[in-house]
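The residues making up each chain are set out below.
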Amino acid sequence: MTTSWESPSNIALIKYWGKRDTQLPSNPSISFTLSKCKTTTEVHFSEGTGVNITLDGTDKPEFIPKIEGFLERIMHRHPWLSSYNLQIKTRNSFPHSSGIASSASGMSALSLCIVEFAQKIDFKFDALNFYQEASILSRLGSGSASRSIYGGLVVWGGTPTLENANDEYAIEYPHIIDPIFKNYCDVVLLVEVGEKSVSSTAGHALMDNHPFRSQRFSQAHQHLSEIQKILKTGDIENFIRLTELEALTLHGLMMSSSPSYILMKPNTLKIIEEIREFRRESKLPLSFTLDAGANVHVLFPAAMKEKGMAFIKNTLIQYCKENRFIADHVGSGPKRLTNFEK
Ligand code: DP6
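Note that the structure is a prediction, hence the values are computed from the model and not measured.

With that out of the way, let us pick up the site of the ligand. Around the ligand, 17 residues are found, and the nearest of them are Tyr 16, Lys 19, Ser 142, Gly 143 and Ser 144. Within the side chain of Tyr 16, an N or O atom sits 2.7 Å from an oxygen atom of the ligand. Within the side chain of Thr 201, one N or O atom sits 3.2 Å away from an oxygen atom of the ligand. Notes on the ligand: free accessible area 460 Å², of which the protein chains cover 92%. It is helix α4 (residues 200-205) that contributes the most residues to the shell around the ligand, three residues altogether. In the shell around the ligand, the residues fall into five nonpolar, eight polar and four charged.

In structure tokens:
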């Protein structure tokens, strides 16, 4: 029996950075789910044991240990997995090693395939519903993947100002948001392609003994509270202030870790300066956020798409590797597929 899903990547506005126990976050986070940056996965389940995996039709034995580790981690919730062989076919819409995190889209797509199969064999899982179970499994694969299960704005991690938010699984942002945030644009500028110098798992571990640890975690709760007012009122000025602060705080934490890391490149800083200058001169609400890498996510409302894209093509593109960027926007979440080949 075969199940197939496509699942998008996401970009955090308030960043998850630091974790404890089995993939539980040290602080709450909120993200935009993307649309075009996605992974498509098909899993063929048959009786037996073992895993094999292809990416774009090519065997990837080097991915097997990671997948096996993930299956072991979810085995207590899905013991049936121990008597199945999984043949996984996967492909990403974005180029491999483009510096775009494939763990969020990849782990969520795989988790959705597993939960759908569990449902087909009438296995009764613990969570309240299909998507909650898929978010728990995704989280066990990669923390940020827990948020890719839903479209739009998604929260992961308990925080006093959001009643149902919790550390086990992500939830759709439950309150009314200003329409400006519904179809926000995110253009990913590829400043650097290839392996990151610090994996996100090693990066999170840097928070364990970080001197600013407790201040950071309480700041994230404070930011979660602030962003809720911003989302409701469409206060774009404070949206930009807060999200840029979050991006630079993430990098500031890495720079002030021991050992320390600088993941921005000279072109990352050039882009940030250009964006801030463009904003000062044009008074248009175009801003940036960053992942744990050198690439820059350029954020702007859909209403200024033409001007935003013109600025990127005329000014920012020179700082991108081989002029590469991916024009994405907020999307509606994963889709079940009936045919992987499509
Ligand atoms: C900076 O989810 O990639 O993108 O749980 O170890 O797989 P693991 O880490 P991962 O960390 C993402 C960190 C971040 C911020 C965020 O997405 O919230």
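Now that the structure is up, let's keep going.
Bringing the environment of Asp 56 into the picture now. When you line up the elements, Asp 56 lands in the loop between β5 (51-55) and β6 (58-59). The exposure class assigned to Asp 56 is exposed, which follows from its relative accessible area of 53%. C-alpha of Asp 56 to C-alpha of Met 264: the two residues are 208 residues apart in sequence and 30 Å apart in space.

Across a sheet, strands are paired by hydrogen bonds formed along the backbone, either parallel or antiparallel in direction. Taking strand neighbours across the sheet as the criterion, the four strands line up as β11-β12-β10-β13 in an open arrangement whose pairing is antiparallel. The open sheet has two edge strands with one neighbour each: β11 (287-290) and β13 (325-329). Strand-to-strand twist across the sheet, computed as the mean angle between neighbouring axes with direction ignored, equals 25 degrees. By the bridge criterion, five bridges tie strand β10 (residues 185-189) to strand β12 (residues 296-300) in an arrangement that is antiparallel. Its bridge partner being in β12, Val 188 is matched across the sheet by His 297. Relative to the sheet, helix α7 (residues 266-282) contacts β10, β11 and β12, its axis offset from that of β11 by approximately 155 degrees. Contacting β10, β12 and β13, helix α8 (residues 305-316) crosses the sheet at an angle of about 150 degrees to β12.

Rules used throughout
Residues numbered from 1 in each chain as written. Predicted model: local features only at pLDDT ≥ 70, side-chain atom pairs only at ≥ 80, totals over all residues. Heavy atoms only, no water. Near = heavy atom within 4 Å. Polar contact = N/O pair within 3.5 Å; in protein donor to acceptor, adjacent residues only side chain to side chain. Areas by Shrake-Rupley, 256 points an atom, 1.4 Å probe, with all protein chains shown as cover. Helix = DSSP H or I, 4+ residues; strand = E, 2+ residues; numbered from the N terminus. Nonpolar A, V, L, I, M, F, W, Y, C, P; charged D, E, K, R; others polar. Buried < 20%, exposed > 50% of the residue type's maximum accessible area, 1.4 Å probe, protein only. Pairing = 2+ DSSP bridges. Axes fitted to C-alpha atoms, helices over the stretch in contact; angles between N-to-C directions. Contact = heavy atoms within 4.5 Å.

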